[in-house]
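Understanding the architecture of this molecule
Chain residues, written in single-letter form:
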Amino acid sequence: MPTLPRALIVHAHPEPLSFSTAQMTTAAQALRDAGYQVDVLDLYGLHAEGWGPVLGRDDFPPVEGHFKPQAEQMRAVKEGTLDATVRAHLDRLLAADLLVLSFPLWWFSLPAVLKGWIDRVFVMGGVFGGDHGTFGDGALAGKRAMLLVTTGGSGEAFQPGGAVGPMDDFLFHIHRGMFEFVGYEVLEPVITYGPARMTDDERTTALETVRESVGVRVRAGAGYEAGAA
């Protein structure tokens, strides 16, 4: 019996009843319908249980002298001393064929808890550096990644010439600087604009669009050019 592909969804919203969380749940079911095993990391839930998003000295055995986080990551991977929770998250990341980051766009970027997860889990020596390079030689080459996003502003605001500017401009540092940097093929993001401004019926329709869009993305096989118009 063939092994099902695996998807890891890393979700960052503090409210379980938010549209962002409903969107994540919808996407997870769409992936299951598309034949994926789905693993969900709820970062705010983990934070309440003690997960910290800050990369610091406490992640490593005692460090004498100048602290260089990436050098300590390399050493910890090599010596098997990586923080146990970070190691577990890294293992789940490496096991996944598809990574989905699910979050509300805050200050045109990732919530701090999610950026902290990237800082701690995208370890040098584990996903790049050491035995791995960057971009096409990164440890995640041959795997795919996708963003699942909600915004406060309207879709029109994020168009070229809109009040805010092109959405691709705000996502480029994630697509290129995080996903592609470690080898991922980037899929087109799934974005719901301004769900707080919608009626209940409109939100229901938006979730159906999310379900269909996620299915299309993962079945199409074609990548998304980071920063493309």
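Given the structure is predicted, the values throughout are model-derived calculations rather than measurements. (Residues numbered from 1 in each chain as written. Predicted model: local features only at pLDDT ≥ 70, side-chain atom pairs only at ≥ 80, totals over all residues. Heavy atoms only, no water.)

Let us now look at the pairing of strand β1 (residues 6-11). With respect to burial, β1 is a largely interior element, 5 of its 6 residues being buried. Relative to strand β2 (residues 37-42), β1 runs parallel, the two being bridged by 6 bridges. Looking at β2, one finds that Leu8 is bridged to Asp39. Note that the unit made of β1, helix α1 (residues 19-33) and β2 has a crossover that is right-handed. Across 5 bridges, the pairing between β1 and strand β3 (residues 98-104) is parallel. Following the sheet pairing, Val10 is matched in β3 by Leu101. (Buried < 20%, exposed > 50% of the residue type's maximum accessible area, 1.4 Å probe, protein only. Helix = DSSP H or I, 4+ residues; strand = E, 2+ residues; numbered from the N terminus. Pairing = 2+ DSSP bridges. Right-handed = clockwise from strand over helix to strand, strands pointing away.)

Quick look at helix α5 (residues 112-121) now. A large share of α5 lies buried, amounting to 7 of its 10 residues. Considered for burial, the residues of α5 that qualify are Val113, Leu114, Gly116, Trp117, Ile118, Arg120 and Val121.

Here the focus is the layout of surface pockets. In this structure, the second largest pocket spans a volume of roughly 220 Å³. At the level of elements, α3 (69-79), α5 and α6 (167-179) are the ones that each hand at least two residues to the lining of the second largest pocket. Residue composition of the lining of the second largest pocket, by class: 8 nonpolar, 3 polar and 2 charged. (1 Å grid on protein atoms, 1.4 Å probe; cavity = no way out; pocket = protein on both sides within 12 Å on 5 of 7 lines; lining within 4 Å. Points joined across faces, edges and corners; volume = space filled by probe spheres on them. Nonpolar A, V, L, I, M, F, W, Y, C, P; charged D, E, K, R; others polar.)

Moving on: the nonpolar core. Within the largest apolar cluster, 45 residues are counted, with the highest numbers of intra-cluster contacts made by Leu93, Leu99, Leu101, Phe103 and Trp117. Elements with a contribution of two residues or more to this core: β1, α4 (84-95), β3, α5, β4 (144-150) and α6. Element by element, the count of residues in this core is highest for α6, at 6 residues. (Core = buried A, V, L, I, M, F, W, Y, C linked by side-chain atoms within 4.5 Å.)

Relative orientation and spacing of two packed helices are given, respectively, by the angle between their axes and the distance between those axes. At their nearest, the axes of α1 and helix α7 (residues 200-220) sit 9 Å apart, and the two run at 40° to each other. One element, α1, and the other, α7, form an angle in the oblique class. Crossing geometry of α1 relative to α7 is assigned as right-handed. Here Phe19, Ala22, Gln23, Thr26, Ala27, Ala30, Leu31 and Asp33 of α1 come into contact with α7, specifically with Arg203, Ala206, Leu207, Val210, Arg211, Val214, Val218 and Arg219. The class makeup of the residues in the contact of α1 with α7 is 10 nonpolar, 2 polar and 4 charged. (Axes fitted to C-alpha atoms, helices over the stretch in contact; angles between N-to-C directions. Parallel < 35°, antiparallel > 145°, perpendicular 65-115°, else oblique. Left-handed = near helix turned anticlockwise from the far one by under 90°. Contact = heavy atoms within 4.5 Å.)

Once that is clear, we can look at the packing of α4 against α5. In contact at an axis separation of 10 Å, α4 and α5 are set at 90° when each is read in the N-to-C sense. Accordingly, the angle class assigned to the pair α4 and α5 is roughly perpendicular. For the pair α4 and α5, contact is made by Val86, His89, Leu90 and Leu93 and by Trp117, Arg120 and Val121, respectively. Its residues assigned to classes, the contact of α4 with α5 shows 5 nonpolar, 1 polar and 1 charged.

Per the UniProt record, the feature "domain: Flavodoxin-like fold" (unreviewed entry) sits at residues 6-211. Along residues 6-211 one finds 38% helix and 15% strand; the C-alpha atoms at either end are 18 Å apart. (UniProt positions renumbered as here; feature names shortened; annotations may be inferred.)

Attention shifts here to the pattern of salt bridges. Tallying each qualifying case throughout the model produces 11 salt bridges. Between Asp59 and Arg120 there is a salt bridge; the shortest N-O distance is 2.6 Å. With Asp59 in the loop between α2 (43-48) and α3 and Arg120 in helix α5, this residue pair connects regions lying 61 residues apart in the sequence. Take Arg120: its relative accessible area is 7%, and that puts it in the buried class. Here Arg75 ties to Glu72 by a salt bridge, and the two come within 2.7 Å at their closest N and O atoms. Here Glu72 and Arg75 lie together in helix α3, a separation of 3 residues that amounts to about one turn. (Salt bridge = Lys/Arg side-chain N within 4 Å of Asp/Glu carboxyl O.)

We now examine the packing of aromatic side chains. On inspection of all chains with the given rule, the structure shows 9 aromatic pairs. Residues Trp117 and Phe122 carry aromatic rings whose centres are separated by 6.1 Å and whose planes lie at 65° to one another, so their mutual orientation is edge-to-face. A single burial state applies to Trp117 and to Phe122, both of which are buried. Between Phe158 and Phe170, the aromatic rings sit 6.1 Å apart at their centres with planes inclined by 80°, giving edge-to-face as the arrangement. One end of the pair, Phe158, is in the loop between β4 and α6; the other, Phe170, is in helix α6, and 12 residues separate them in sequence. (Phe/Tyr/Trp six-rings, centres within 6.5 Å; stacked < 30°, edge-to-face > 60°.)

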